[in-house]
Amino acid sequence: MSEPRCVLIAAGGTGGHLFPAQSLAEALRARAIPVELATDSRALKYGGGFPARAIHAFPSATPTDAGLSAKARAAVMLAWGTLLARIRIGRIAPLAMVGFGGYPTVPPLLAATNLNVPSLLHEQNAVMGRANRFLARRVNFIATGFPDLGGLDANLRAKTRYVGNPVRPSVIEAAKIPYPGRPDGRLRVLVTGGSQGARVMADIVPAALALLAPSERDRLRVTQQARGEDKARVAAVCAAMTFPIEIEEFFSDLPARIAASHLVIGRSGASTVSELAVIGRPSILVPFPFALDNDQAANAATLLAAGAAQVVAQKDFTPEALAALLREALDNEPALARRAAAAKAAGVADAAERLADLVMQAAGLPGAAPPARG
């Protein structure tokens, strides 16, 4: 007996793409729909825990690298990957194809659309990435992580459906925890910098703490993510002012730490912004200023507009500016609680289910309620 047909998910090796892809895979598997994963060889090491029946690797490359020869090599690699994907996907005959962005998704999505497989993209950011822009006109639907996806013409906008960004089960669990009070009078602050950490946080946060009066620091408890090469100097600055701080390179329990915090300081990648919203915590966001598509600024703007976040451009993220924001947070507990509620109101906890509905709709499967048009 042949295996039942699957939904084929294409995602690159970064957490920003794999986390929502994995959440969709879990939602589909709960509906007894098999899932297989398409990626590239560089990302195979990240796919071990992915809930897929099979994992397929296709050659891929990024054509935005500088130099004509590099662009030419990337184009050849993408074409070769597309040919191999066309052969493999023709044999798999998936019910639908879902891409989560990044150039590893280009060969399988191109092949699937050439084979007339029902296809859709999920765009995690508030601005569409380059790989998704290249593919957008070929797919049936564009699922969006934020209510508004910038830079689309009328034809592409007609394909959009707002579903939100699927989040991990640990985020859903953390979202059940109410915004904490301050029975000991202390403000718990979590500092993150994305999956790789952010040097600017190591530069600015300890210096801002040093500008506070000792009585103000006594009312703070700070947990900070810092790169390995930055941990020692962050610890040294805090030790010099006898300020206790917890420092780690990576938090495996990040959602629980977000839930335990009164305020989060961090970057504004799509996963971070979506998790802050679903859990419902106020934030100070410093968008990464060197992104090609300026996506983090657009993501942060959604929480700013909701009244859930304060957004500071990196050029303005100085010790003096952060110290002023921390004093404001220390002295205005009701304002933080309002921002927490505003964040929670902007969250989409059932995004994985909404995206699964859209996949089923594209595949022509029964039992799916069509998501609202974006």
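Each remark here, short or long, concerns the structure printed above.
Residues numbered from 1 in each chain as written. Predicted model: local features only at pLDDT ≥ 70, side-chain atom pairs only at ≥ 80, totals over all residues. Heavy atoms only, no water.

Details of a nonpolar patch on the surface
Together, Met-77, Trp-80, Leu-83 and Ile-87 line one region of the surface with nonpolar side chains, adding up to about 390 Å² of accessible area. Considering the arrangement of structural elements, one finds Met-77 in helix α2 (residues 68-92). (Patch = residues over 30% accessible without salt bridge, like charges linked within 9 Å, V, L, I, M, F, W, Y side chains within 5 Å. Areas by Shrake-Rupley, 256 points an atom, 1.4 Å probe, with all protein chains shown as cover. Salt bridge = Lys/Arg side-chain N within 4 Å of Asp/Glu carboxyl O. Helix = DSSP H or I, 4+ residues; strand = E, 2+ residues; numbered from the N terminus.)

With respect to the pattern of salt bridges
Considering all chains together, one arrives at 21 salt bridges under this definition. With its nearest N and O atoms 2.8 Å apart, the salt bridge here joins Glu-353 to Arg-31. Residue Glu-353 is found in helix α15 (residues 351-363), and its partner Arg-31 is found in the loop between α1 (15-30) and β2 (35-39); the two are separated by 322 residues along the sequence. You can call Glu-353 partly exposed: its relative accessible area is 38%. For Glu-229, the salt bridge goes to Arg-227, with nearest N and O atoms at 4.0 Å. (Buried < 20%, exposed > 50% of the residue type's maximum accessible area, 1.4 Å probe, protein only.)

A few points about the packing of aromatic side chains
Within this structure, the stated rule accounts for 1 aromatic pair. Taking 5.6 Å as the distance between ring centres and 80° as the angle between the ring planes, the aromatic pair formed by Phe-288 and Phe-290 counts as edge-to-face. When its relative accessible area of 34% is taken as the criterion, Phe-288 is described as partly exposed. Using a relative accessible area of 64% as the deciding quantity, one classes Phe-290 as exposed. Lying across the ring of Tyr-162, Arg-354 places its NZ or CZ 5.3 Å from the centre. (Phe/Tyr/Trp six-rings, centres within 6.5 Å; stacked < 30°, edge-to-face > 60°. Lys NZ or Arg CZ within 6 Å of the ring centre and 35° of its normal.)

What to know about helix α9 (residues 228-240)
Those residues of α9 lying buried are Asp-230, Val-234 and Cys-238. Buried positions in α9, seen along its axis, are confined to an arc of 65° and lie on one side of it. Exposed side chains of α9 directed beyond 90 degrees from the buried face belong to Glu-229, Ala-232, Ala-239 and Ala-240. Lining the buried residues of α9 we find α7 (199-211), β9 (220-225) and β10 (245-248). Positive backbone phi, at 50°, marks Thr-242, one or two positions downstream of α9. (Arc of directions from axis to C-beta. Contact = heavy atoms within 4.5 Å.)

Things to note about the sheet that holds strand β12 (residues 283-285)
The 6 strands lie next to each other as β10-β9-β8-β11-β12-β13, forming an open sheet whose pairing is parallel. At either end of the open sheet lies a strand with only one pairing partner, and these are β10 and β13 (309-311). Sheet twist, expressed as the average angle between the axes of neighbouring strands with direction ignored, equals 15°. Bridging between strand β8 (residues 187-191) and strand β11 (residues 263-266) involves 3 bridges; their strand directions are parallel. By the bridge assignment, Val-189 is partnered in β11 with Leu-263. (Pairing = 2+ DSSP bridges. Axes fitted to C-alpha atoms, helices over the stretch in contact; angles between N-to-C directions.)

Geometric values such as these leave the question of function open.
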